[in-house]
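Residue-level structural notes
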Amino acid sequence: MAFKGTLVIDTEKCKGCSVCITGCPNGVIALAKKVNSKGYNYLEMVKPDDCIGCANCAVICPDGVIEVYRAKV
Ligand code: SF4
Ligand code: SF4
């Protein structure tokens, strides 16, 4: 069974540490060129169609920035 995922990213809470990016198996996420109000490059989805909703990124993030929603496709 295949799954499609999407993320809700609290960009203001993101510190731009990149730890979550290394945990994504599909290269879905990357740091934005823009910064949040604290001056950190924040996380964004660069290949949203490739997200499988595995939630690795959300588990790895030390700051609870990422919520994952997963649907069967
Ligand atoms: S849920 Fe999984 S596939 Fe989707 S961005 Fe996070 S680590 Fe990558
Ligand atoms: S979402 Fe979390 S783990 Fe990913 S860059 Fe932001 S603070 Fe770091």
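Each remark here, short or long, concerns the structure printed above.
Report on the accompanying structure. (Residues numbered from 1 in each chain as written. Chains lettered and ligands numbered in written order. Predicted model: local features only at pLDDT ≥ 70, side-chain atom pairs only at ≥ 80, totals over all residues.)

The subject of this paragraph is the site of ligand 1. By nearness alone, 15 residues border ligand 1, and Cys-24, Val-28, Cys-51, Cys-54 and Cys-57 come closest of all. Residues of the shell around ligand 1, tallied by class, amount to 10 nonpolar, five polar and no charged. (Near = placed C-beta within 6 Å. Nonpolar A, V, L, I, M, F, W, Y, C, P; charged D, E, K, R; others polar.)

What follows covers unusual backbone geometry. Non-glycine residue Ser-18 carries a positive phi angle of around 75 degrees. Position of Ser-18 among the secondary structure elements: in the loop between β1 (3–9) and α1 (19–23). Overall, Ser-18 belongs to the exposed group, with 12 C-beta atoms counted inside 10 Å. We note that Ala-55 has phi near 75 degrees; this positive angle belongs to a residue other than glycine. Positionally, Ala-55 belongs in the loop between β3 (41–45) and α2 (56–60). (Helix = DSSP H or I, 4+ residues; strand = E, 2+ residues; numbered from the N terminus. Buried ≥ 20, exposed ≤ 12 C-beta atoms within 10 Å, placed from the backbone.)

Right, let's get into the nonpolar core. Ranked by internal contacts, the top residues of the largest apolar core, which has 13 residues, are Ile-9, Cys-20, Leu-43, Val-65 and Ile-66. Elements supplying a minimum of two residues to this core: β1 and β3. Non-local contacts of Cys-20, meaning those with residues more than four positions away in its chain, are made with Ile-29, Leu-43, Cys-57, Ile-60, Cys-61 and Ile-66. (Core = buried A, V, L, I, M, F, W, Y, C linked by C-beta atoms within 7 Å. Contact = placed C-beta atoms within 7 Å.)

Before going further, it helps to examine the environment of Glu-12. Here Glu-12 lies in the loop between β1 and α1. With 29 residues separating them along the chain, Glu-12 and Asn-41 place their C-alpha atoms 9.8 Å apart. In contact with Glu-12, not counting residues within four places along its chain, are Asn-36 and Ser-37.

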